[in-house]
Amino acid sequence: TRGPTQQPIASPLGVYDSHHGTKFITGADTASSLRTVAAAVYKLDPAKKRDQAILSRYSAHSIFALAANILHRQGMSDSYIQKRLRWKS
């Protein structure tokens, strides 16, 4: 499962149209992109076991957690954050 709504990781997080037709962005796609960026930014080697462990911590949930943190720091209420990020608890 993924993120606050506990949907399967293959469920679309977003949808967009491209010249190849409708495309879906899944939790797995998001995690892969985050891990690629993290590897580049932090100079991690995905082939190394130690770095794999670090990179495995990045997931689609990371974006939700970041968004909640940013909204909280901006003074938004817990109920506002919960509603905006579609969290049930």
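Residues numbered from 1 in each chain as written. Predicted model: local features only at pLDDT ≥ 70, side-chain atom pairs only at ≥ 80, totals over all residues. Heavy atoms only, no water.

K.L.:
I tried to follow the overall build of the protein chain on my own but got confused; where do I start?
P.N.:
Scanning the protein chain from terminus to terminus reveals 4 helices and 2 strands. The linear arrangement of helices and strands in the protein chain, starting from the amino end, is β-β-α-α-α-α. In the protein chain, the share of contacts with a sequence separation of at least 24, taken over all contacts with a separation of at least 6, comes to 27%. Summing over all exposed atoms, the protein chain offers an accessible surface of approximately 6600 Å²; the carbon and sulfur share of this is 57%. (Helix = DSSP H or I, 4+ residues; strand = E, 2+ residues; numbered from the N terminus. Contact = heavy atoms within 4.5 Å. Areas by Shrake-Rupley, 256 points an atom, 1.4 Å probe, with all protein chains shown as cover.)

K.L.:
Sorry, what's going on with the environment of S33 here?
P.N.:
By the element assignment, S33 lies in helix α1 (residues 27-41). On a C-alpha basis, the gap between S33 and Y58 in space is 9.4 Å, while along the polypeptide they are 25 residues apart.

K.L.:
Help me understand the nonpolar core, please; the structure alone is not making it clear to me.
P.N.:
Burial of nonpolar side chains together is a common tendency in soluble globular proteins. F64, A68, L71, I81 and L85 form the largest nonpolar core, which has 5 residues in total. Residue contacts for I81: discarding those within four places in its chain leaves A68, L71, H72, M76 and W87. (Core = buried A, V, L, I, M, F, W, Y, C linked by side-chain atoms within 4.5 Å. Buried < 20%, exposed > 50% of the residue type's maximum accessible area, 1.4 Å probe, protein only.)

K.L.:
For this particular structure, what's the right way to read the packing of aromatic side chains?
P.N.:
Two descriptors summarise a pair of aromatic rings, namely the distance from one centre to the other and the angle between the planes of the rings. All told, the structure shown has 1 aromatic pair when counted by the stated rule. Note on F64 and W87: the rings are 6.5 Å apart at their centroids and 50° apart in plane angle, and the pair reads as tilted. Of this pair, F64 sits in helix α3 (residues 60-73) while W87 sits in the segment after α4 (78-84), placing them 23 residues apart in sequence. (Phe/Tyr/Trp six-rings, centres within 6.5 Å; stacked < 30°, edge-to-face > 60°.)

K.L.:
Which parts of the structure should I look at to understand the pattern of salt bridges?
P.N.:
Side chains that differ in charge, positive against negative, can pair when their charged atoms come close. For the coordinates displayed, the defined rule picks out 1 salt bridge. Its salt-bridge partner being R50, residue D51 comes within 3.5 Å of it at the nearest N-O pair. (Salt bridge = Lys/Arg side-chain N within 4 Å of Asp/Glu carboxyl O.)

K.L.:
Any chance you could explain α3 here in plain terms?
P.N.:
Every α-helix carries 3.6 residues per turn, so stepping three or four residues along brings you back to the same face. Here α3 spans 21 Å end to end across 14 residues, near enough to the 20 Å set by a 1.5 Å rise per residue. Just past α3, the residue G75 takes up positive phi, approximately 85°. (Expected span 1.5 Å × (residues − 1).)

K.L.:
I'm lost on the packing of α1 against α3 in this one. Help?
P.N.:
Helix-helix packing: each pair is described by the crossing angle between the helix axes and the interaxial distance. It is the contact of α1 with α3, at a shortest axis distance of 7 Å, that shows an interaxial angle of 80°. By the angle between their directions, the pair α1 and α3 is classed as roughly perpendicular. The residues of α3 that touch α1, namely those facing G27, T30, A31 and L34, are A60, S62 and I63. (Axes fitted to C-alpha atoms, helices over the stretch in contact; angles between N-to-C directions. Parallel < 35°, antiparallel > 145°, perpendicular 65-115°, else oblique.)

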